[in-house]
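The residues making up each chain are set out below.
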Amino acid sequence: MNLIVAVDNNWAIGSKNELLIRIPNDHKHFREETTGKVVVLGRKTLETFPQGMPLKNRTNIILSKDPNYQVKDAIVVHSIEQENLVENAAKVGNYLLEELKKYDEENIYIIGGESIYRQMLPYCDVAHVTKIDHAYEADAYFPDLDSDPEWEITADSDEQVYFDITYQFLKYERKKS
């Protein structure tokens, strides 16, 4: 399973439910990586999208604790694993790991936000990270893969520039044990 994220020097990913910066080439990279694939995201992340609508040309799986939450053109699940289901959610549907069994692992991308990344990181083997060489004011963070001995950088792009901001596309992979 994959995840895709943009982080700053402190592994920050957002502030006040917004991205830290919008870099057109990063959005293009995201589209190229995820179009035609399965994206997994939380309700709060979905609500930051234009009109709060799921992403086009992808299978959107939304994780929400609210058992009554529904989204047009998306699959809604209420828990990562079955044993974490609240009583009401057990009656209304699937849990995430069961739903994901329907798809090829290589085509699944975790796209945020912070709590979804943290919960799903143990299930991921590949992380597509846009590393922005700047430190932003932030209130949401991604785990620091550079200091995690389980992860290593296996590919990197040339340094990119957007106005005065430099960034790089990195691919981290979980080390084989």
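Every value quoted in this text rests on a predicted model; they were computed, and no experiment measured them.

Q: Provide a residue-level description of the packing of aromatic side chains, including the pertinent values.
A: For any pair of aromatic rings, the description rests on two quantities: the centre-to-centre distance and the angle between the ring planes. Applying the stated criterion to the full structure yields five aromatic pairs. Residues Tyr167 and Phe169 carry aromatic rings whose centres are separated by 5.6 Å and whose planes lie at 80° to one another, so their mutual orientation is edge-to-face. Phe169 sits in the buried class, given a relative accessible area of 14%. An aromatic cluster is defined as three or more aromatic residues linked by ring pairs; in this entry it consists of Trp11, Tyr117, Phe142 and Tyr172.

Q: With reference to specific residues and values, describe the nonpolar core.
A: Leu3, Leu100, Ile110, Met120, Phe142 and Leu145 are the most contacted members of the largest nonpolar core, which totals 31 residues. Only strand E1 (2–7), strand E4 (38–42), strand E5 (59–63), helix H4 (96–100), strand E7 (108–112), helix H5 (114–120), strand E8 (126–132) and strand E12 (165–174) provide two or more residues apiece to this core. For Ile110, the contacting residues outside a window of four places in its chain are Met1, Asn2, Leu3, Ile4, Val40, Ile116, Tyr117, Met120 and Cys124. If you look at the next biggest cluster of nonpolar residues, it comprises eleven residues, including Ile4, Ile62, Tyr69 and Tyr109.

Q: Please provide a residue-by-residue account of the sheet that holds strand E3 (residues 18–19), values included.
A: Read across the sheet, three strands follow the order E3-E2-E9 without closing on themselves; strand pairing throughout is antiparallel. At either end of the open sheet lies a strand with only one pairing partner, and these are E3 and strand E9 (140–141). As paired strands, strand E2 (residues 12–15) and E9 are joined by two bridges and run antiparallel to one another. The residue of E9 that forms the bridge with Ala12 is Tyr141.

Q: A description of helix H1 (residues 24–34) should follow, citing residues and the corresponding values.
A: Residues lying three or four places apart along an α-helix face the same way, a consequence of the helix completing one turn every 3.6 residues. Taken residue by residue, H1 has Asp26, His29, Glu33 and Thr34 as its buried positions. The arc enclosing the buried residues of H1, seen along the axis, measures out at 110°, which places them on a common side. Those residues of H1 hidden inside the fold are in contact with E1, E4, E7, E8 and E12. One or two residues past the end of H1 sits Gly36, with phi positive at roughly 80°.

Q: Can you break down the pattern of salt bridges residue by residue, with the values?
A: Summed over the entire model, instances satisfying the criterion amount to ten salt bridges. Salt-bridge contacts for Lys72 lead to Asp73; the nearest nitrogen and oxygen are separated by 3.4 Å. Overlapping salt bridges bring together Asp125, Glu150 and Arg174 as one network.

Q: So, the environment of Thr130: which residues are in play, and what are the values?
A: Along the chain, Thr130 turns up in strand E8. Taking the relative accessible area as the measure of exposure, Thr130 reaches 1% and is therefore buried. Residues Thr130 and Asp156 lie 26 residues apart in sequence; the distance between their C-alpha atoms is 9.7 Å. Filtering out sequence-adjacent residues up to four positions away, Thr130 remains in contact with Val5, Ala6, Val7, Asp26, His29, Tyr167, Gln168 and Phe169. Among the polar contacts made by the side chain of Thr130, one reaches the side chain of Asp26 at a distance of 2.6 Å.

Conventions and cut-offs
Residues numbered from 1 in each chain as written. Predicted model: local features only at pLDDT ≥ 70, side-chain atom pairs only at ≥ 80, totals over all residues. Heavy atoms only, no water. Phe/Tyr/Trp six-rings, centres within 6.5 Å; stacked < 30°, edge-to-face > 60°. Buried < 20%, exposed > 50% of the residue type's maximum accessible area, 1.4 Å probe, protein only. Core = buried A, V, L, I, M, F, W, Y, C linked by side-chain atoms within 4.5 Å. Helix = DSSP H or I, 4+ residues; strand = E, 2+ residues; numbered from the N terminus. Contact = heavy atoms within 4.5 Å. Pairing = 2+ DSSP bridges. Arc of directions from axis to C-beta. Salt bridge = Lys/Arg side-chain N within 4 Å of Asp/Glu carboxyl O. Polar contact = N/O pair within 3.5 Å; in protein donor to acceptor, adjacent residues only side chain to side chain.

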